[in-house]
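# Topology and contacts: notes
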Amino acid sequence: MIRITYVTITYNAASVLRRTLDSVLSQDYPEIVHLIIDGASTDATLQLVDDYIERSNATGTHHRIQVTSEPDKGIYDAMNKGLRSIVGDYVCFLNAGDFLPAADTASKIAAKVAQQDSLPAVLYGDTDIVDGEGHFLHHRRLAPTENLTWKSFRQGMLVCHQAFYARTDFAIATPYDMQYRYSADVDWCIRVMKAAAKENVPLLNLKMVVANYTEEGQTTLHHRESLWERYHVMEHHYGRIQTFLLHCWFAVRSVFK
C-alpha cells in the first residue's frame, strides 16, 4: 500500500480550515500522513488543529498527523518546510479551504497506482471549483490532457496544484523557487515533470476529480501579479518567442469564443 502525505499550509485560516481537516479525517484509506505547516497563526487555527487530532485519535483512523507552527517567509517557504518533512510515496499540497471530494478519494487513487507496474512520477486528476463556503460552483475550465507532459503547461496550468500528486523522491529534489510569490506552484509542477521525463518515468492520469479548490485563494486575490509571474515562468521553461506567440493566440481565442 502506498503512503500519501497531504501538506496543508495555514495562517489565520480558522474560517476555512475545518472542511480541509474533515475531508482528510474522513478518508477510509489508512496510509495517510497529514503535515500541517502553520505560520504562527493568532486566530483559532491551532485550536481547530488540536480538535482535529483529538477526533482522529478518537475515531482510530490511524492517520499520522504532524503539526509545525512558527513564522515563515510566505506560502512557498512553508511548502518547502513541508517538503523537508514528507514521508511515504506521494505528496499532495492541500491548502486551507481546499478539500478532498469524497471519503474514498485516497483509496481510489491508491487502487489505480496498484494497477501499475511501477510507481509513476506524478498522479494527476481533475478539479472542481467551490466558493468560500465550500459549495460547488463549476468544474475547472482547464482540464488535464490524456497524456500530460511538462510541455503541456504551455497551454496553461492544466492540472491544479491540489490535484497534482508528486512522487516524494522527485518532490524532495525539487524545492519551490522562492523568487516567485504567487506562481511558484506552476514552476514546481513543470520542474517535477521535467525531472520525470529526464528519467523516463511515466505520469498517471487518474481520470477522476481528486480536489475541490476554493476560488478565493492567493492567486485569485492577486490575479494580475500572478498572471505576470506565470508569464515569466512560461518564458523560462518554453522560451520568450514561443510564450509570446502562445499568449497572442490565447488573446485571439478569447475574443472569438
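Shown above is the structure to which this text applies.
These notes cover the structure that comes with them. Not measured: the values here are computed from a predicted model.

### Points about the overall build of the protein chain
Across its full length, the protein chain carries 9 helices and 8 strands. For 257 residues, the compact-globule estimate of 2.2 N^0.38 gives 18 Å, and the C-alpha radius of gyration of the protein chain, at 18 Å, lies within 12% of that figure. Its C-alpha atoms give the protein chain principal-axis dimensions of roughly 55 × 45 × 35 Å. Residues classed as buried in the protein chain amount to 49% of the 257 residues present. Residue pairs at least 24 apart in sequence account for 79% of intrachain contacts in the protein chain once pairs closer than 6 positions are excluded. Total accessible area on the protein chain is roughly 12400 Å²; 53% of this is exposed by carbon and sulfur atoms. Of the side chains in the protein chain, 25 bear a positive and 30 a negative charge, and the two mean positions are spaced by 8 Å.

### Some details on the packing of helix α1 (residues 14–25) against helix α2 (residues 45–59)
Where α1 contacts α2, the axes come no closer than 10 Å and their chain directions differ by 20°. In terms of orientation, α1 lies roughly parallel with respect to α2. With respect to the hand of their crossing, α1 and α2 are arranged in right-handed fashion. Side by side, α1 and α2 meet where A14, L17, R18, L21, D22, V24 and L25 of the first sit next to T45, L48, V49, D51, Y52, R55, S56 and T59 of the second.

### Looking at helix α3 (residues 75–83)
Counting buried residues along α3, 8 of its 9 residues qualify, which places the element largely inside the surrounding structure. Three or more residues of α3 are buried, namely Y76, D77, A78, M79, N80, K81, G82 and L83. As for α3, its buried residues are in contact with β1 (4–10), β2 (32–38), β4 (90–93), α5 (168–172) and α6 (184–198).

### So, the side chain of Q27
Note that Q27 resides in the loop between α1 and β2. Setting aside chain neighbours within four positions, we find Q27 in contact with I32, H63, L100, A102, A103, D104, T105 and A106.

### Topic: the packing of aromatic side chains
As enumerated under the stated definition, the model contains 8 aromatic pairs in all. These aromatic residues form a ring-pair network of at least three members: Y76, F93, F164, Y176 and W188. Residue placement shows K194 over the ring face of W150; its charged tip is 4.7 Å from the ring centre.

### Concerning unusual backbone geometry
For H62, which is not a glycine, the phi torsion comes out positive at approximately 70°. Non-glycine residue K207 carries a positive phi angle of around 55°. Checked against the element boundaries, K207 lands in strand β8 (residues 203–214).

### Some details on the pattern of salt bridges
Taken as a whole, this structure holds 10 salt bridges when the rule is applied. Across the pair D51 and R18 runs a salt bridge whose closest N-O atoms are separated by 3.5 Å. Placement of D51 in helix α2 and of R18 in helix α1 is noted, with a sequence separation of 33 residues between them. Across the salt bridge formed by D169 and R167, the nearest N and O atoms sit 2.8 Å from each other.

### Some points on the pairing of β4
In regular strands, side chains alternate between the two faces of the sheet. Every second residue of β4 is oriented toward a common face, with Y90 and C92 on one face and V91 and F93 on the other, all of them buried. One ladder, built from 2 bridges, connects β4 with strand β7 (residues 164–167); its direction is antiparallel. The partner of Y90 across the bridge, within β7, is R167.

### Comments concerning the nonpolar core
For soluble globular proteins, the rule of thumb is that nonpolar side chains tend to be buried together. Counting residues in hydrophobic clusters, the biggest one holds 72 residues, and the most contacted among them are Y6, F153, F164, Y165 and W188. Residue contributions to this core peak at 8 residues, all from α6. Among all residues touching Y6, those that are not within four sequence positions of it are I32, V33, H34, L35, C92, L94, L100, A106 and Y165.

### Focus: the pairing of β7
Burial along β7 is two-sided: the face carrying F164 and A166 and the face carrying Y165 and R167 are both buried. Of the strand pairs in this sheet, strand β5 (residues 122–130) and β7 are connected by 3 bridges, and their pairing is antiparallel. Bridge assignment links V122 to a residue of β7, and that residue is A166.

### Looking at α6
Helix length check: α6 (15 residues) gives 21 Å between terminal C-alpha atoms against 21 Å at 1.5 Å per residue, within 8%. Three or more residues of α6 are buried, namely A184, D185, V186, D187, W188, C189, I190, V192, M193 and A196. The first or second residue beyond α6 is N200, which carries a positive phi of 60°.

Thresholds applied
- Residues numbered from 1 in each chain as written.
- Predicted model: local features only at pLDDT ≥ 70, side-chain atom pairs only at ≥ 80, totals over all residues.
- Heavy atoms only, no water.
- Helix = DSSP H or I, 4+ residues; strand = E, 2+ residues; numbered from the N terminus.
- Rg over C-alpha atoms; globule rule 2.2 N^0.38 Å.
- Buried < 20%, exposed > 50% of the residue type's maximum accessible area, 1.4 Å probe, protein only.
- Contact = heavy atoms within 4.5 Å.
- Areas by Shrake-Rupley, 256 points an atom, 1.4 Å probe, with all protein chains shown as cover.
- Lys, Arg positive; Asp, Glu negative; His and termini not counted.
- Charge placed at Lys NZ, Arg CZ, Asp CG, Glu CD.
- Axes fitted to C-alpha atoms, helices over the stretch in contact; angles between N-to-C directions.
- Parallel < 35°, antiparallel > 145°, perpendicular 65-115°, else oblique.
- Left-handed = near helix turned anticlockwise from the far one by under 90°.
- Phe/Tyr/Trp six-rings, centres within 6.5 Å; stacked < 30°, edge-to-face > 60°.
- Lys NZ or Arg CZ within 6 Å of the ring centre and 35° of its normal.
- Salt bridge = Lys/Arg side-chain N within 4 Å of Asp/Glu carboxyl O.
- Pairing = 2+ DSSP bridges.
- Core = buried A, V, L, I, M, F, W, Y, C linked by side-chain atoms within 4.5 Å.
- Expected span 1.5 Å × (residues − 1).

Interpretation note: all reported values are geometric properties and have no functional meaning in isolation.
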